[in-house]
Amino acid sequence: MPTGRLPLLPVDQAASAAAEVDIIELKAHSCLYRSLLHHPQLAARINDLIDTLMTDAGLEARLRELIVLRIGWSNGTVYQWTHHWRIAQTVGLEERELLAVRDWEANQDWSPAERAALRATDETVRNGVISPSTWDECRREFPTDAERLALVATIGSWKMMSEVLASLEVPLEDGVAPWPPDGMAPGRQHGATSTNEQRQEHR
């Protein structure tokens, strides 16, 4: 099995560390947590943050997964991209929509809220901040302060996770194949720039 920049903890050791900080044992079988549990307290705080964003943040699950997938694709994070396309399908996203995340601006089927969130995601990945015009768009589509905070926290948190995964070179688990089936894997050469923007830059 390939290893990342940190040695993967044996599953029994990871499970023991997870139990000490109230992380469910199933997670200790993943390569992500077998890496994070080198520092159990830090792993627990990251786990709490992700669990909150997954269950209690108030952002629609479908929208959250579009954001996570866009970050995984833009940053070339194969682990994030591969695992979240499976999660995305459980919350109602179809394969054609998942593939469309790679060049989202070319797809006309997104809702206004989805377009605003994807644009905010690209700007955060590319520039570290949401532009004033896109923020105005987000204010229209996400009417409460809590929703807007959840949006920003979701983008920022999974951007951080993408960078952790990439920097530690966390490998996929044995038996887990990279997705998608058409062979186009995420790579940093894609960046957070859409195909349309790339065409314009090369004119």
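Here the structure is a predicted model, which means the values were calculated and not measured.

Considerations on the confidence of the model for the protein
Then, number 1: Summary statistics for the protein give a mean pLDDT of 89 and a share of 88% for residues scoring 70 or more.
Then, number 2: Across residues 189-203, where pLDDT falls below 50, the model places 22 contacts with residues more than four positions away in sequence or in other chains.

A short note on the pattern of salt bridges
Then, number 1: Summed over all chains, the structure comprises 13 salt bridges.
Then, number 2: Across the salt bridge formed by D109 and R96, the nearest N and O atoms sit 3.9 Å from each other. Of this pair, D109 sits in the loop between helix 6 (95-100) and helix 7 (112-127) while R96 is found in helix 6, placing the two residues 13 residues apart along the sequence.
Then, number 3: A relative accessible area of 57% places D109 in the exposed class.
Then, number 4: Residue class for R96 comes out partly exposed when judged on its relative accessible area of 48%.
Then, number 5: Across the salt bridge formed by E105 and R119, the nearest N and O atoms sit 3.4 Å from each other. Of this pair, E105 sits in the loop between helix 6 and helix 7 while R119 is found in helix 7, placing the two residues 14 residues apart along the sequence.
Then, number 6: Salt bridges here are not isolated pairs; linked through shared partners, they connect R62, E97 and E114.

Let's talk about the packing of aromatic side chains
Then, number 1: Enumeration according to the criterion identifies one aromatic pair in this entry.
Then, number 2: On the numbers, 5.1 Å between centres and 50 degrees between planes, the contact of W73 with W81 is tilted. Each member of the pair W73 and W81 is classed as buried.
Then, number 3: When the ring centre of W73 is taken as reference, the NZ or CZ atom of R102 above it lies at 5.6 Å.

Re the nonpolar core
Then, number 1: Counting residues in each nonpolar core, the largest one holds 41 residues, and the members touching the most others are L37 and F142.
Then, number 2: Every element with two or more residues in this core is listed here: helix 1 (11-20), helix 2 (31-36), helix 3 (40-55), helix 4 (61-75), helix 7 and helix 9 (145-168).
Then, number 3: Considering each element in turn, this core owes the most residues, six residues, to helix 9.
Then, number 4: Look past the residues within four positions of F142 in its chain and what remains in contact with it is L59, L63, A113, A116, A117, E147, R148 and L151.

Structural notes on helix 8 (residues 132-141)
Then, number 1: By the burial criterion, the buried members of helix 8 are T134, E137 and C138. Across the axial projection of helix 8, the buried residues extend over an arc of 100 degrees, all falling on one side. Turned more than 90 degrees from where helix 8 packs its buried face, P132, S133 and R140 sit exposed.
Then, number 2: Check the buried side of helix 8 and you find it contacts helix 7 and helix 9.

Description of the side chain of T124
Then, number 1: Along the chain, T124 turns up in helix 7.
Then, number 2: For T124, a relative accessible area of 12% puts it in the buried group.
Then, number 3: For T124, the contacting residues outside a window of four places in its chain are V129, I130, I155 and K159.

Regarding the packing of helix 3 against helix 9
Then, number 1: At a minimum axis distance of 11 Å, the contact between helix 3 and helix 9 shows a crossing angle of 140 degrees. On the basis of their axis angle, the class for helix 3 and helix 9 is oblique. As helix 3 packs across helix 9, the resulting crossing turns out to be left-handed. Between helix 3 and helix 9, the residues in contact are I46, L49, I50, L53 and M54 and A153, T154, S157, W158 and M161, respectively.
Then, number 2: In the contact of helix 3 with helix 9, the residues fall into eight nonpolar, two polar and no charged.

As for the packing of helix 8 against helix 9
The packing of two helices is summarised by the inter-axis angle and the distance between the axes.
Then, number 1: Running from amino to carboxyl end, helix 8 crosses helix 9 at an angle of 130 degrees, the nearest separation of the two axes being 9 Å. As summarised for this structure, helix 8 and helix 9 are arranged oblique, according to the angle between their axes. Crossing hand, helix 8 versus helix 9: right-handed. Along the contact surface, helix 8 presents W135, C138 and R139, while helix 9 presents R148, L151 and V152.
Then, number 2: Of the residues contributing to the contact of helix 8 with helix 9, the split by class is four nonpolar, no polar and two charged.

Cut-offs used in this document
- Residues numbered from 1 in each chain as written.
- Predicted model: local features only at pLDDT ≥ 70, side-chain atom pairs only at ≥ 80, totals over all residues.
- Heavy atoms only, no water.
- pLDDT = per-residue confidence, 0-100.
- Contact = heavy atoms within 4.5 Å.
- Salt bridge = Lys/Arg side-chain N within 4 Å of Asp/Glu carboxyl O.
- Helix = DSSP H or I, 4+ residues; strand = E, 2+ residues; numbered from the N terminus.
- Buried < 20%, exposed > 50% of the residue type's maximum accessible area, 1.4 Å probe, protein only.
- Phe/Tyr/Trp six-rings, centres within 6.5 Å; stacked < 30°, edge-to-face > 60°.
- Lys NZ or Arg CZ within 6 Å of the ring centre and 35° of its normal.
- Core = buried A, V, L, I, M, F, W, Y, C linked by side-chain atoms within 4.5 Å.
- Arc of directions from axis to C-beta.
- Axes fitted to C-alpha atoms, helices over the stretch in contact; angles between N-to-C directions.
- Parallel < 35°, antiparallel > 145°, perpendicular 65-115°, else oblique.
- Left-handed = near helix turned anticlockwise from the far one by under 90°.
- Nonpolar A, V, L, I, M, F, W, Y, C, P; charged D, E, K, R; others polar.

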